[in-house]
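# Topology and contacts: notes
Each chain, written out:
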Amino acid sequence: MEKEKAITLIDAFKDFKEEKNIDRPVMMGVLKDVFLTQISKTYGSAENFDVIVNVDKGTCEIYQNFEIVEEVETPNSQMTLEQVRADSGEDDYEVGDSYAKLLPLAAFGRRGILNIRQNLQGRIMDIEKANVYKKYSEKVGELFSGEVYQTWSKEVLILDEDGNELHIPKNEQIPGERFKKSDSVRAIIKSVEMKNNTTPYITLSRTSCEFLERLFEQEVPEISDGLITVKKVVRVPGERAKVAVESYDDRIDPIGACIGVKGGRIMGIVRELRNENIDVIQWSQNPQLMIQRALNPAHVSSIDMGQSPEDKVKVFMQPDQVNKGIGRHGVNIKLAGQLVGREIEVWREASKDASDEEEDVLLSEFANEIDQWIIDKLEGIGCDTAKSVLALTPEDIAKRADLEDETVEEVFAILKAEFED
């Protein structure tokens, strides 16, 4: 009897031919498992079946092994000598031998073939999900460049070269930036999650400090070569950032190398971050020196580090330097504190001019007009006199002292009245 033709997977499963990024041994194992599962459903057991897969040729042969007996008791695993000779057309077999019969695909029936196809597609999808998860899990913390595929109010969708989806949620976007389809975008791979056994959810970020660090590594060759190290990065996305760097070669100026000739290197990073102000600071083990550098451009008169690392650091400045030290909306002092790992308070240094002292008034003198709890909050941010409060904007006072805008307006009106003729 003529042998049955081998099952051709390319004909039977056209989708299989198009799958990518699946290792050959893995795919062979999946195919065997899918066929053995269907064999068990159809015949009750797969113990006496062999599945031989050739991925290169796209073929799969299934053999059902029979024991040659005189009288058949289990038709799925036994055949008589006459049946074997009739099936094979050969006379070389004897009772007690084994006979391998090629099983045609049609033996599974139309429903069985459909089940095999569906199971194979499902298993391939699971493998692809696992491959995507593994690929991007190993790249967490690395830069990713791609094109915007679609934008929504809550996130931006990016597609990679294999069609995998990557997401930039609204809270991972720099405030105020807008994207449109086909825009080129760079971001850092922040996390990869499997949600309810669906496609891996890959989150990109443009607001993380690590993203800024990777941009410096890309733009400054001395950093990627290990000659300069980025010690710490702190930032308020879209507002300001501080990058502390250190050089292991005395001949290399770390700040100059990061800024580049005429600012060429750092300007590329600033444009990428939508004109975020970036301060490059030379790292120091001396905390007081780091605080002075971090509060630049303000000039620091003196620093009180406190008795323990948990104490707030008091930084004293001349009145005309206070606004510079605090920065717009308190961003400068906030980042300086994050850079050194301490909470910093700016205190107005008492004037040495006696006439100036007489002109200013302590906040405690306004106890009859301003509630004590408000005075305590103002003193807590280093404003212990009327002029030290008026030297700041109402917005800065409200934000730093955690006061309502109406309360701040009332305080300003009372203090200003003190100096009116």
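Scroll up to find the structure.
Let us look at the structure shown here. All of these numbers come straight from a predicted model, not from anything done at the bench.

The rules behind these values
- Every chain begins its residue count from 1, and numbering advances along the sequence as written.
- Only residues with pLDDT of at least 70 get local features here, since the model is predicted, and only at 80 or more are side-chain atom pairs given and counted; chain-wide, interface and lining totals rely on the full set of residues.
- The side-chain numbers reported here are obtained from all heavy atoms of the structure, hydrogens and water having been left aside.
- Secondary structure elements are taken from DSSP: a helix is a run of H or I of four residues or more, a strand is a run of E of two residues or more, and numbering for both begins at the N terminus.
- The contact criterion used throughout is that any non-hydrogen atoms of two residues lie within 4.5 Å.
- For the purposes of these results, a polar contact is taken to be a pair of N or O atoms within 3.5 Å, where, inside protein, one atom must be able to donate a hydrogen and its partner to accept one; residues adjacent in sequence count only when each atom of the pair is a side-chain atom.
- When DSSP finds two or more bridges between two strands, those strands count as paired.
- For helices, the axis comes from a line fit to the C-alpha atoms of the stretch in contact; other axes are also lines fit to C-alpha atoms, and the angle between any two N-to-C directions lies between 0 and 180 degrees.
- Working definition of a nonpolar core: buried Ala, Val, Leu, Ile, Met, Phe, Trp, Tyr and Cys residues. They are joined through side-chain atoms within 4.5 Å.
- Only protein chains enter the calculation, and the probe is 1.4 Å; a residue is then buried if its accessible area is under 20% of its type maximum, exposed if over 50%, and partly exposed in between.

### Some details on the environment of Ser 208
Within the element layout of this structure, Ser 208 appears in the loop between β10 (201-205) and α6 (209-219). Taking C-alpha positions, Ser 208 is 48 Å from Glu 420, a pair spaced 212 residues apart along the chain. Ignoring sequence-local partners within four residues, the contact set of Ser 208 consists of Ile 188 and Arg 235.

### Things to note about the side chain of Asp 183
Summarising the element assignment, Asp 183 is placed in the loop between β8 (165-169) and β9 (184-193). Polar side-chain contacts of Asp 183 include one of 2.9 Å to the backbone nitrogen of Lys 180. Leaving out residues up to four positions away in the same chain, Asp 183 has contacts with Gly 146, Glu 147, Val 148 and Arg 178.

### Some details on the sheet that holds strand β16 (residues 344-348)
Taken together, the three strands give an open sheet; going across it, the order is β14-β15-β16, and neighbouring strands pair in mixed fashion. Strands at the two margins of the open sheet, each flanked by one partner only, are β14 (302-304) and β16. Geometrically, the sheet is characterised by an average inter-axis angle of 25° between neighbouring strands, direction not taken into account. Pairing between strand β15 (residues 313-317) and β16: five bridges, direction parallel. Counterpart to Val 315 in the pairing with β16 is Val 346.

### Describing the nonpolar core
Val 315, Leu 378 and Ile 397 are the most contacted members of the largest nonpolar core, which totals 44 residues. Counting residues per element, this core draws most heavily on helix α12 (residues 331-340), which supplies five residues. Excluding residues that lie within four positions of it along the chain, Ile 397 makes contacts with Leu 378, Ile 381, Cys 383, Val 389, Leu 392, Asp 402, Val 408 and Phe 412. Counting 22 residues, the second-largest nonpolar core is a separate cluster that includes Val 220, Ala 241, Ile 266 and Val 270.

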